[in-house]
Amino acid sequence: MATRLPEVEYDDRLARVRDRIAASHTDAGVWFGATSIEYLTGFDHIQTERPVCLAVTPETAEITVPRLEVERVEPNPRIDAVHHYHDYPGGRPIAIAAEMLAGLGVETVVADSDGAPGTMGYEGPALSAFVEVDDQAWVSRMRWEKSDAELDLIRESARWGNLAHRYLADYTEVGVHPVTVSQRASMEASRAMLDTLGDEYVARTRGSGPAFAGYITGPQTRLPHGHTANRRLQAGDVLVTGAAANVDGYHSELERTMFLGEPTDEQRHYFELMVEMQDVAIDALGPGVPIADVDEAVRDYVDEQGVADLYQHHVGHNIGMGGHEPPYVDQGWGDHCETDATSYDDEDAIMQPGHVWTIEPGLYTDEYGYRHSDTIAITEDGIEWLTYFPRDLEGNVIPIA
C-alpha cells in the first residue's frame, strides 16, 4: 500500500534538472507552474493570481511565494531559502523573484514561462525584464514516464476509485437525484479511505474528500462533457460514470456506461460496439507502439462498423498528477511530434514503459453516449490494467427493485 512519494524521488528529479541546467550553460532553472513546482519539490499550492517562483541552481533551490504561503513552504527540506512578497498586486512578486535570482548571482535562466501565467486575472512583467530568459518544458516532459513509485500511487488511486464507483452503483435507483447519489458515494468512499489509511494519507484536498464518484445521466450522456442534469433518475436511463481518488497528488480514471434497468436492443448494440472499440485500443497498446496507431486502429474499426460519425474524440491521454497529460492517443500525435512548434522528437511518438493511459473511446448517438475508461500502464513487456470494475453488460446493469 503506497500513500506517499518517497523522498528519493524528489532528489532524483532535482538531480535530473540540474544536469539539464548544466547542459544549457545557464545559471538556473526557473518554474512558475504549480504542478512543476510540486513535482520537483513536493510543495503543493493552489495557483492563483499570486505568483510562486522556484529557482534551482547547481547548488541550491530557493522560492518566492506570497506571504500567506510562507509557513506552508518553510518546512520543505528541498527548498533552501524562502523569499516572500505581501500580496498581489502591491507586493511586486516578479521584482521580488528577480531579487532572489540576483542574490543567487543568476543572470541567465531557462524557465517554463517568461513570467507568471495569467491566472485569475494576474498581469505582471515578464521575467526577461530582469534577467536573460530562455524557455524549457523539462518537467512537463519528465512527467510522461512514471517511476515505479508513481505507479504505486496510481494503483492505490485506482483501488479507492473502484470503491467509490461501487458505492455509486449501489446507491443508484429510480427517483434519486444524481447529485445527491454522487455526493453520498464520494463521502462514503472518502470516509473509508481516510479511516483505513489514517495518518498515512497525505492531505491534498480542501473541503472535498480524497475519493470521488459521479455521473451524467439520460440525454446529457450524448455530450462527452455533459453536465449532471437537474432531473431525478428514471427507469431506462443510460448513465456515464466517473470515479477517481487523489493519492499524494496522483490520479487514476475509471468510467463506465451503465443502465438503470434492462437496456433496449439498441442500447445493447451501442454498448457492445463501444466495449469492442475499447478492446481494439487496448489490444494495440504496448511498448514501442506508435501512439497514433492506437487511435488509427479504433478509427478503422468504427469505419468498418459504419459508426464513424458517432466517434467524437481521441482514444485517451496520459494521466498522473494531472487529469489530462500528454501524450494523447490521437491520430495526429506523430505529426504533432514532427512540427517545429514542439520540443518533441521521434521517440516521443512511441509508447514507452511508464506511460499511464486512460483508454476511453466513445460513441455518441442523438439520444445517449456510451464510454468506458480504464487506466492502463505500459510495462517493459506489455501492459498492466490498473482499474478493474466490470466492463461487461451484465456488470453494468442496475436492476430496478
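Residues numbered from 1 in each chain as written. Predicted model: local features only at pLDDT ≥ 70, side-chain atom pairs only at ≥ 80, totals over all residues. Heavy atoms only, no water.

1. Concerning the packing of aromatic side chains
The full count for this structure, using the stated rule, is eight aromatic pairs. Ring geometry for Y88 against Y122: centres 4.9 Å apart, planes inclined by 50 degrees, an arrangement best described as tilted. Here Y122 lies in the loop between β5 (108-111) and β6 (132-135) and Y88 lies in the loop between β4 (81-85) and α4 (93-103), a separation of 34 residues in the sequence. The buried category is assigned to Y122, whose relative accessible area is 6%. The aromatic ring of Y39 is capped on one face by R13, whose charged end is 3.7 Å from the ring centroid. Taking the ring centre of Y171 as reference, the NZ or CZ of R184 above it sits at 3.6 Å. (Phe/Tyr/Trp six-rings, centres within 6.5 Å; stacked < 30°, edge-to-face > 60°. Helix = DSSP H or I, 4+ residues; strand = E, 2+ residues; numbered from the N terminus. Buried < 20%, exposed > 50% of the residue type's maximum accessible area, 1.4 Å probe, protein only. Lys NZ or Arg CZ within 6 Å of the ring centre and 35° of its normal.)

2. Overview of the environment of I94
Among the structural elements, I94 can be located in helix α4. A relative accessible area of 2% places I94 in the buried class. Sequence spacing of I94 and I282 is 188 residues, and the spatial spacing of their C-alpha atoms is 46 Å. Not counting the four nearest positions on each side in its chain, I94 is found in contact with F32, A116, Y122, P125, A126, L127 and F130. (Contact = heavy atoms within 4.5 Å.)

3. Let's talk about the domain arrangement of the protein chain
The domain boundaries assigned to the protein chain delineate domain 1 (7-143) and domain 2 (148-398). Computed from C-alpha atoms alone, the centre-to-centre distance between domain 1 and domain 2 is 33 Å. Contact with domain 1, which involves eleven residues of that partner, is made by ten residues of domain 2. Counting each side, the surface lost to burial between domain 1 and domain 2 is near 940 Å², with a carbon and sulfur contribution of 41%. Among the residues of domain 1 in contact with domain 2, E38, R141 and R143 are the three that bury the most area, contributing 45% of the side total. Where domain 1 packs against domain 2, one counts three salt bridges. (Domains from an automatic or database assignment. Buried area = accessible area lost by both parts, 1.4 Å probe. Salt bridge = Lys/Arg side-chain N within 4 Å of Asp/Glu carboxyl O.)

4. Let's talk about the UniProt feature "domain: Creatinase N-terminal" (unreviewed entry) in the protein chain
Taking the numbering used here, the UniProt-annotated feature "domain: Creatinase N-terminal" (unreviewed entry) corresponds to residues 13-98. Overall, residues 13-98 shows 35% helix and 22% strand. The separation of its end C-alpha atoms is 24 Å. (UniProt positions renumbered as here; feature names shortened; annotations may be inferred.)

5. A closer look at the sheet that holds strand β8 (residues 238-245)
With mixed pairing, four strands are arranged side by side in an open sheet as β7-β8-β9-β17. Lying at the two open borders of the sheet, with one neighbouring strand each, are β7 (211-217) and β17 (397-398). Bridging between β7 and β8 involves seven bridges; their strand directions are antiparallel. Note on β8: the bridge partner recorded for T217 is L239. (Pairing = 2+ DSSP bridges.)

6. A short note on the pairing of strand β2 (residues 53-56)
What you see with β2 is no split at all: C53 and A55 on one side and L54 and V56 on the other are buried throughout. Bridge count between strand β1 (residues 28-31) and β2: three bridges; the pairing is antiparallel. For W31, the partnering residue across the bridge sits in β2 and is L54. Between β2 and the antiparallel strand that follows it, strand β3 (residues 61-66), lie four residues.

7. What about the packing of helix α1 (residues 7-24) against helix α2 (residues 34-41)?
At a closest axis distance of 7 Å, the pairing of α1 and α2 adopts a crossing angle of 115 degrees. As far as their axial angle goes, α2 and α1 are roughly perpendicular. Between α1 and α2, the contacting residues are Y10, R13, L14, R16 and V17 on the first element and E38, Y39, L40 and T41 on the second. Residues that form the contact of α1 with α2 fall into these classes: five nonpolar, one polar and three charged. (Axes fitted to C-alpha atoms, helices over the stretch in contact; angles between N-to-C directions. Parallel < 35°, antiparallel > 145°, perpendicular 65-115°, else oblique. Nonpolar A, V, L, I, M, F, W, Y, C, P; charged D, E, K, R; others polar.)

8. Things to note about the pairing of strand β9 (residues 257-260)
Burial along β9 is two-sided: T257 and F259 facing one way and M258 and L260 facing the other are all buried. Examined bridge by bridge, β8 and β9 share three bridges and lie antiparallel to one another. In the sheet register, L239 faces β9, and the bridge partner there is M258. Alignment of β9 against β17, held across two bridges, turns out to be parallel. By the bridge assignment, L260 is partnered in β17 with I398.

9. Side note on the nonpolar core
Ranked by size, the top nonpolar core spans 61 residues in total, and within it W31, L40, F43, V56, I63 and M193 carry the most contacts. Each of domain 1 (7-143) and domain 2 (148-398) gives at least three residues to this core. Residues contacting W31, with those up to four places away along its chain left out, are V17, S36, I37, L40, V52, C53, L54, V56, D112, Q136, W138 and V139. Core analysis: the next-biggest nonpolar cluster, separate from the first, contains 36 residues, L273, V280, V302 and Y368 among them. (Core = buried A, V, L, I, M, F, W, Y, C linked by side-chain atoms within 4.5 Å.)

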